[in-house]
Amino acid sequence: MEARLGTVEPDRFGRPRYQVRAEGDRALRAAGELGPLREARGAADRAGYLRGAFAGAGSVTRPGGSGGHHLEFVHRDEEFVRRVAGFSRTPLNITRRRGRWVAYTKSADGVTTVLSQMGLHDAVLEYEARAVLGEAKANANRITNFDSANAGRTARAAARQQAAIRRLDPGRLPPALREMLELRLEHPDAPLAELARLGGISKSAANHRLRRLIALGERAAREESPC
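A quick note: this is a predicted structure, and the numbers were derived from the prediction, not measured.

Colleague: Would you mind showing me how to read the pairing of strand 4 (residues 71-75) here?
Modeller: Working note: regular strand, side chains alternate between the two faces of the sheet. Among the 5 residues of strand 4, 4 are classified as buried, and the element is accordingly described as predominantly covered. Where strand 3 (residues 58-60) lies against strand 4, 3 bridges are found, and the strand directions are antiparallel. Each residue of the ladder has a partner; that of G58, found in strand 4, is F73.

This is the structure:
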């Protein structure tokens, strides 16, 4: 059977594409002979079809980025895209985007299932490794942002405490409140538990005294402000 190699329109990424074309009676006989063979091969034939479809019309997003997990087949021919979806072991969603048909999955299991079905086992291992690394980085960023937010709230609360209690005259306070005022001014960054230990009191007692001091300081600020 004689065949000709030619070029066709580049794909959507601008990459060159080629086709092998065979015509005539021999090509028709070969197609007829291959039909039963394809039916007998079953899963292997579907995997080969998916590999070819992915090489010409597929793409996968690098895991761990802002786009999440995404694998897709894009083509102008709806029948081709639906055939790809039918051959896939994982369900693929089908939609139409900018004049082309798209079969896609947005789950990590879906991506690795399709890659594995195509026999791309090294790609599956690399994809899973990158996904784990990306998730670890995302978790680290979330923890960092959470800690930063907590630190900011703590700093603002401490500044509010300092501003309030500095308005108070220690000589006009009861002994317990005066002692707590002095401890807070001497240890502005100490946590509540540390202040309680330094004052020889319980944590709840330290918290109660600090709240009273802040309330007195804020009331003094209101009284100082002009009407």
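Colleague: Looking at this structure, I do not really get unusual backbone geometry. What am I missing?
Modeller: Within the chain, R98 stands out as a residue other than glycine whose phi angle is a positive 50°. If you trace the backbone, R98 turns up in the loop between strand 5 (93-97) and strand 6 (100-105).

Colleague: Sorry if this is basic, but what is going on with the packing of aromatic side chains here?
Modeller: Each pair of aromatic rings is reported with the distance of its centres and the angle of its planes. Under the criterion given, the structure shown has 3 aromatic pairs. For the ring pair Y49 and F80, a centre distance of 6.2 Å and an interplane angle of 45° mean the geometry is tilted. With Y49 in helix 2 (residues 43-57) and F80 in helix 3 (residues 78-87), the pair connects residues that are 31 residues apart, well separated along the chain. With relative accessibility at 27%, the residue Y49 sits in the partly exposed group. Among the aromatic residues, those joined into a ring-pair cluster are Y49, F80 and F87.

Colleague: Would you mind going over the nonpolar core with me for this structure?
Modeller: What tends to happen in soluble globular proteins is that the nonpolar side chains get buried as a cluster. By size, the foremost hydrophobic cluster in this structure holds 19 residues, and its most contacted members are L71, F73, V84, L92 and L115. For this core, the secondary-structure elements that each account for two or more residues are helix 2, strand 4, helix 3, strand 6, helix 4 (108-117) and helix 5 (121-165). Beyond its immediate sequence surroundings of up to four residues, L92 is in contact with F73, V84, A85, A103, Y104, T105 and V114. Residues L168, L173, A196 and L213 belong to the second largest nonpolar core, which totals 13 residues.

Colleague: Can you walk me through the pattern of salt bridges in this structure?
Modeller: Oppositely charged side chains can pair when the atoms bearing their charge come close. Using the criterion set out here, one finds 7 salt bridges in the structure. The salt bridge partner of E23 is R4, with a shortest N-O separation of 3.9 Å. Taken together, the positions of E23 in the loop between strand 2 (17-22) and helix 1 (25-41) and R4 in strand 1 (residues 3-8) put the pair 19 residues apart, joining distant regions of the chain. Connected through shared salt-bridge partners, R4, R21 and E23 make up one network.

About the cut-offs
- Residues numbered from 1 in each chain as written.
- Predicted model: local features only at pLDDT ≥ 70, side-chain atom pairs only at ≥ 80, totals over all residues.
- Heavy atoms only, no water.
- Buried < 20%, exposed > 50% of the residue type's maximum accessible area, 1.4 Å probe, protein only.
- Helix = DSSP H or I, 4+ residues; strand = E, 2+ residues; numbered from the N terminus.
- Pairing = 2+ DSSP bridges.
- Phe/Tyr/Trp six-rings, centres within 6.5 Å; stacked < 30°, edge-to-face > 60°.
- Core = buried A, V, L, I, M, F, W, Y, C linked by side-chain atoms within 4.5 Å.
- Contact = heavy atoms within 4.5 Å.
- Salt bridge = Lys/Arg side-chain N within 4 Å of Asp/Glu carboxyl O.

Any functional reading would require information that these geometric values do not contain.
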